[in-house]
Amino acid sequence: MIDKLYAAGAKEVLQHGANIAEATAYVNEVLMPQSRENGEEPFYVDPFNHPDIWQGHESIVDEMRDQFEEIGEDHPPDWIICSCGGGGLFNGVMGGIERQGHTWAKTGVIAVETEGADSLNKALEWNEHKAIDKITSIATSLGCVKISERTWDIVRPALKSGKAKNIVLTDAEAAMGSWKLAEEERIIVEAACGVNIALCYGGRMEKVLGRPPRPEESFVIVVCGGSNVSTDMIEEYKRTYRHLVEPSLPGTPIRSPSPINMNTIDHGKKDSVQGSDSEPEDAEFVGRYKVPKGYAGHASMGDGYTGFHINDYAVKPHKPSKQKRPQNVIIC
């Protein structure tokens, strides 16, 4: 990661502390005073605990709204899924939903953490806004020992009203999410992000919802936090943790296609998914996608790619929904 920062133009990179809190203290107590003594004007950019950061994250929801309109979706997503370290992304997504007005009033947020970096979950368990002792998870980008005060203020009423949910998964599950995304979407992200993807497998979405996902529900997964990763790391995740994670169901009714450039798709046309080798004879359209009759599925899109898969929580036959929108898990 340090090499990447130098490659991006950094003049000097210092690494200090076991977590973000220790690094922040070092910046404020040592580096900033030294810089001022040298006649410089230092400026510290907090990674999560500042209104400017939250406002920037709010724009993600604006982009979701615009892209939903572009693909002809009349309804906002039912749930937005994001990982939570210090809570900056969670704060921004919650604020972004609020500023969309009443049309997004039913959209909720699922905040996902890993064991050993679960500062939000522990604060809720203790019913006190305080720090955990240390970070022990491999998801180091979630390495905040204490959530922001803003997160603490908004998450409790949101949980009570059902507007937010919180779930903690293991490092093995987070690693599985990373290698699944690499295999199915050709996108590599670190475990701090892979933990969100893991919800799509092995009944984990049902666990957090307390019920099976409904065929007409749509879920947007915010894929954020993937800079400190390589293909070698993804392979190591798989070698280390695969035996600890229950496998997803073998096979799918339709093979996963190659990535597609979203800019080349005519969203108004009912095409079958590009890249599929074959279609079952009894296929039908779900939204704009062709799938086997009686099956729920999800569409994955974002970052210039789209694909179609039938995941383990959706392979059981269901009665066709009267609603028009497709069964979506959208990756943004």
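Residues numbered from 1 in each chain as written. Predicted model: local features only at pLDDT ≥ 70, side-chain atom pairs only at ≥ 80, totals over all residues. Heavy atoms only, no water.

## Regarding the pattern of salt bridges
Selection rule: The salt bridge criterion pairs a side-chain nitrogen of Lys or Arg with a carboxyl oxygen of Asp or Glu, the two atoms within 4 Å. Between buried and exposed lies partly exposed: a residue is buried under 20% and exposed over 50% of the maximum accessible area for its type, with that area taken using a 1.4 Å probe on protein chains only. Helix and strand assignments follow DSSP, with helices taken as H or I runs no shorter than four residues and strands as E runs no shorter than two, numbered in order from the N terminus.
Considering all chains together, one arrives at 11 salt bridges under this definition. The partner of Arg-65 in a salt bridge is Asp-66, with the nearest N and O atoms 3.0 Å apart. What makes Asp-66 partly exposed here is its relative accessible area of 32%. For Glu-173, the salt bridge identified is with Arg-204, shortest N-O distance 2.7 Å. With Glu-173 in helix α7 (residues 171-185) and Arg-204 in helix α9 (residues 204-209), the pair connects residues that are 31 residues apart, well separated along the chain. Given a relative accessible area of 5%, Arg-204 falls into the buried group.

## Describing the layout of surface pockets
Note the cut-off: A cavity, in this analysis, means grid points on a 1 Å lattice covering only the protein atoms where a 1.4 Å probe fits yet has no way out; a pocket is instead an open set bounded by protein on both sides within 12 Å along at least five of seven lines, and a residue lines either one if it has an atom within 4 Å of a point. Grid points are joined across faces, edges and corners, and a volume is the space filled by probe spheres set on the points. Gly is put with the polar residues, along with every residue not named as nonpolar or charged; the nonpolar set is Ala, Val, Leu, Ile, Met, Phe, Trp, Tyr, Cys and Pro, and the charged set is Asp, Glu, Lys and Arg. Note that domain bounds follow an automatic or database assignment of domains.
Here the largest pocket is characterised by a volume of approximately 1700 Å³. Met-1, Leu-5, Ile-20, Ala-23 and Pro-47 are, among the 44 residues lining the largest pocket, the residues nearest its centre. Breaking the lining of the largest pocket down by element, the ones donating at least two residues are α1 (2-7), α2 (20-37), α3 (51-70) and α4 (88-98). Here the residues of the lining of the largest pocket sort into 24 nonpolar, 17 polar and three charged. In this structure, the lining of the largest pocket is formed jointly by two domains, domain 1 (1-44) and domain 2 (51-248), each of which donates at least three residues.

## Some points on the confidence of the model for the protein chain
The condition that has to hold: Values of pLDDT, ranging from 0 to 100, describe the predictor's confidence in every residue of the model. Any two residues whose heavy atoms approach within 4.5 Å at even a single point are treated as in contact.
Residues of the protein chain with pLDDT of at least 70 account for 73%, and the chain-wide mean is 77. For the stretch residues 248-327, pLDDT sits under 50, and the model shows 155 contacts to residues farther than four places along the chain or on other chains.

## What to know about α2
As a reminder, the rule being used: What a helix is expected to span follows from its residue count: subtract one and scale by 1.5 Å. One axis fitted to the seven residues ending at a residue, another fitted to the seven starting there: the angle between these axes is the bend at that residue.
Taking 1.5 Å per residue as the helical rise, α2 with its 18 residues ought to reach 26 Å, and the 25 Å between its terminal C-alpha atoms agrees with that figure. At Val-27, α2 shows its maximal bend, which comes to roughly 35°. Here α2 has its buried residues at Thr-24, Val-27, Met-32 and Ser-35. Taken from the residues just after α2, Gly-39 is the one with a positive phi, measuring 80°.

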